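Chain by chain, the residues:
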Amino acid sequence: MNARAERWLRWLLGVIGLSTVASGAVQLVAPGFVLGVMGGVSSPTSRHFFGIVGMFMVLFGGMLLQAVARPKESSAAFRWVGLQKLGACAAVSLGVFRGLFSPIALSVAGFDLLSAALVFGYLDLLRRPARKDVVYKRPPVAPSAGELRPSTLPVTAAPQANERKRALILAGGGMRVAWQAGVLRALEDAGIAFTHADGTSGGIINLAMLLSGQSPAEMCNRWRTLRVKDFVSFVSPEKYFEAWDMEALGDADGIVERVFPHLGIDVNAIRAHTTLTGTFNVCDFARKTNEAIPHTQVDQELLVAGISLPIFMPPIRQGGRVYMDSVWIQDANLLEAVRRGADELWVLWCIANTPTYARGVFHQYVHMIELSANGALFEQLERLQEINDRIRAGEEVWGHRRPIVVHLIKPEQPLPLDPEFYAGHITAGSLIDMGYADACRYLQTRAEQGLSLTPEITQMYPSGADLAFRETMSGPLALGETDPVAGAGSNRADPFTFHATISVDDMDAFIQDPQHAARLVAHVSFPPFGDDIPVKRGSFNLFRSGDTPNTRLMTYGMAFDHQGREYYLAGTKTIRDDAGPDLWRDTTRLYCHLHEGPDERGPVVGAGVLELGVRDVLDLVSSMRSFRGEGEGLKAVARFGQFFFGTLWDVYAPLAKEREEKEREASKREASAAPGGKGASS
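Residues numbered from 1 in each chain as written. Predicted model: local features only at pLDDT ≥ 70, side-chain atom pairs only at ≥ 80, totals over all residues. Heavy atoms only, no water.

Looking at an unreviewed UniProt entry, the protein chain carries the name Patatin-like phospholipase family protein, with the source organism given as Polyangium jinanense. Turning to the protein chain, the UniProt annotation filed under Sequence similarities (unreviewed entry) states: "Belongs to the GMC oxidoreductase family." Among the UniProt annotations of the protein chain, the heading Cofactor (unreviewed entry) holds the following wording: "FAD". (UniProt positions renumbered as here; feature names shortened; annotations may be inferred.)

See below:
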C-alpha cells in the first residue's frame, strides 16, 4: 500500500465525514432552509422528513469519521457509508428528474457520488494484501560466448539418437498471443513435439497453459471464450489524483483473479510438469538483465512479473528485487534453449516488422517495442550464426556438433494492436484461425535446414488490411449427396457451420482483377466430423463472371482435415436476376459441395445449402473494419461498398427496369382492349 496515498485519502475522507456531519446538523435544525436552497416545496411533512434525513446524515458522517480513525478495524463501516452515499445520490437525482428539486440539487448528488467512489476506493486499498516475498533459487548466470559449455540441466522426453532436440520459443505480443494457440494446434496436428519450451512477455501465458497440462485444442477453446476486457484492471481511484506519481495505469488484479483461472493456469501443475522442461523470462530491473526461471521454481507473482509491461502494470517486488516484463531486453530467448541442449528452434513470432512508420503516440510506443524486440532477436541470430560457423569448423559448442536450425512462424501481416482486440474489432477466434493458417502455410514450404539467420526472418507485408469482416453461415449438409438442394433437404443432413474472417489486403487488385481472392481464415463445425475444426487455407472471391451474361459469382473455399483425410468445401452464391424478388436469397444462400481432397478437383462426398440470417448479416456489417490509417481506411471501406452495391445494381436494376417497362406496356394493352378503352370499337 502506498503510505502517502493512503494518508492523503484518509484526510480527504475525514473532510467528507465532517462535511456530512455539518450539513446533516444544519438540515436537522433548519430543514426548511435546506429545502429552499434545493428548490423543494416546504411543508410540515417535507420539513419533518428532511429533519429525519439530516439526523441520519449526522450518524453516517460520524460513522465515517470513526472509521477513518481506525480504518483496519472498520471495513464494514466504510461499506455502509459507501452504500448510504450511493443511495443519497440516487434519491436526489430522482428528485430532480421528477421535478421535486431544482437542478442545483445535482451538485449534492455529485458530491455524494464522488464520496461513494472515494470510500469504496479506500476500502479496496485496505483489502489489498501485502505482497509476499517468495525467494526462488537464482539460476546460474549464463556463460559468455568465450566460455560456452554444455548445460547440465536434464532434458525430458529425450529424442532418439541422431534425432534433433526441438525447443518451442513463445515470443511476446500482448493480448494477441491468442494467435499462438492456433499455431500450436497446427504443430500438434503435424506431429511436431518438443523437449523444451520458453516463454517471454505475452508468450508466458501460453507456456503456462501448456505446462498446466492443456492440449492446444483446449487452449484454443479457452482463448475463444475469454472476456478480453478481464485483462484490464484499474488501480484504486485515489491514485489517479496523483497521475504524475503513479507506478502504473493499471494493476494485475484482473489477470490474477479472472484471466489466469479462465485460461486454466495452475502454478502447482506447472511446477510438477514432467513432460517437457520450461523457462519463464523476467527482467531483473536492478541488474538490467533477463533471467530465465525454470518452471519448477516459478510462482504466480513471477508469472505476473513476466507480463508486467512498464506504464501499464506495476513491477513485482520479490526477494528484495524488482521484476517486470523482459520485452525491452528481448522478446524471445533462443540462446537459453540452445544452452539446454536444443538444436532445432521453433519461434512463434507476433511482433510486427514492416517499413511502415505510423503516426500517433501509441503507435510510436509500439514501434519502440518492435525495434527493441526485433533488434534483440537479430543479435541472437548473429550469435547462433557464429555458433554454427564454429560447429562447421569442427568445434563442439555447448555440446552441439551440428548447426542449430531455426524455424520461425509469423503472421503474413502485423496483427491488429491490443486496443483493436480490446474493442472487439478483432476476436480471439479470428487470431486463432490466423495462427493455424499461418502455421500450415509455413509447414507446407519449410526446409529441413530452417531459415537464414538474417533480419529478413521476421519481415511481414505492409501493415493492415484494406478491409476485414467476419461472417458466419450455417445450414444443412448431407454426406453422400452431390446436389446442394437435395443435400439440404435430405433427412440425413447435419448442420454445417463456418465462422470466417475475410481480409482484403489490396482493394485495387481485389476490385480490378476478377481472379484476385481475399484471404479467408476460419473454423468449421459438422457433427459427423466434430466441432471447431480449423481451416488450413481459405479464399473468398467477389463477383467473378458466371457462365451466362449478367451473372456474377461469390465463391468461398476452405481446406481442412478430418481423421487424416483432406476435405475441401467449395461454396458459391449466384448473383442473377430471376423472376420474383431474389436479391436477398441470392446474396445470403451459399450452395456448397464438399470434396475429398485438397481442392475442388476431388470427388464430391457431400452437399448442402448454408444461409446468412438477418442477425448474421447485421453482425457481418458491424464487424467491417479497415486497419489502414483513418483516411485510407474510410476510402477502402467506401470503395468496397461502391463496388458491392454497384455490381448488384448492374445485375438487378436493368432487368428490373426491363420487366417494369414490359408490365407497363402490358397494362396499356389491357386498358386499350377493355370495354370503353381507347382501342375499343364503338
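> Teacher, can you tell me more about the UniProt feature "active site" (unreviewed entry) in the protein chain here?
According to UniProt, the "active site" (unreviewed entry) feature falls on Ser-201 and Asp-325. Of the residues just listed, which span 125 residues, no C-alpha pair is farther apart than 5.7 Å, and they cluster in one region. Within the secondary structure, Ser-201 is located in the loop between β2 (196–199) and α7 (203–211). The contact partners of Ser-201, leaving out residues within four places of it in the chain, are Gly-172, Gly-306, Ile-307, Asp-325, Val-327 and Asp-331. (Helix = DSSP H or I, 4+ residues; strand = E, 2+ residues; numbered from the N terminus. Contact = heavy atoms within 4.5 Å.)

> Can you help me understand the packing of aromatic side chains in this one?
Each aromatic ring pair is specified by the distance between its two centres and by the angle formed by the two planes. All chains considered together, the criterion is met by 12 aromatic pairs. The interplanar angle of 45° and the centroid separation of 6.0 Å between the aromatic rings of Phe-498 and Tyr-556 together place this pair among those described as tilted. A residue pair is termed long-range when its members are at least 10 positions apart, and Phe-498 in strand β10 (residues 494–504) and Tyr-556 in strand β14 (residues 552–562) qualify at 58 residues. The pair formed by Phe-498 and Tyr-556 is uniform in burial state, with each residue classed as buried. Seen in terms of ring centroids, Phe-526 and Phe-529 are 5.4 Å apart; in terms of plane orientation they differ by 85°. Their pairing is edge-to-face. Each of the two residues, Phe-526 as well as Phe-529, counts as buried. In this structure an aromatic cluster arises from ring pairing among Phe-496, Phe-526, Phe-529, Phe-560 and Tyr-567. Taking NZ or CZ as reference, Lys-288 lies 3.9 Å from the ring centre of Phe-285, over its face. (Phe/Tyr/Trp six-rings, centres within 6.5 Å; stacked < 30°, edge-to-face > 60°. Buried < 20%, exposed > 50% of the residue type's maximum accessible area, 1.4 Å probe, protein only. Lys NZ or Arg CZ within 6 Å of the ring centre and 35° of its normal.)

> When you look at the environment of Ala-559 in this model, what are you seeing that I'm missing?
Mapped onto the elements of the fold, Ala-559 is located in strand β14. For Ala-559, the contacting residues outside a window of four places in its chain are Val-535, Lys-536, Arg-537, Tyr-567, Tyr-568 and Pro-598.

> I keep staring at empty space enclosed by the protein and nothing clicks. Help me out?
Empty pockets left among the atoms are what a rolling probe the size of a water molecule brings to light. Applying the stated criterion to the full structure yields two cavities of 30 Å³ or more. By volume, the largest cavity amounts to about 50 Å³. As for the largest cavity, its lining consists of His-425, Ile-426, Ser-430, Ala-468, Phe-469, Arg-470, Thr-501, Ser-623, Arg-625 and Phe-627. No other element matches strand β9 (residues 467–479), which puts three residues into the lining of the largest cavity. Class assignment of the residues belonging to the lining of the largest cavity gives a composition of four nonpolar, four polar and two charged. (1 Å grid on protein atoms, 1.4 Å probe; cavity = no way out; pocket = protein on both sides within 12 Å on 5 of 7 lines; lining within 4 Å. Points joined across faces, edges and corners; volume = space filled by probe spheres on them. Nonpolar A, V, L, I, M, F, W, Y, C, P; charged D, E, K, R; others polar.)

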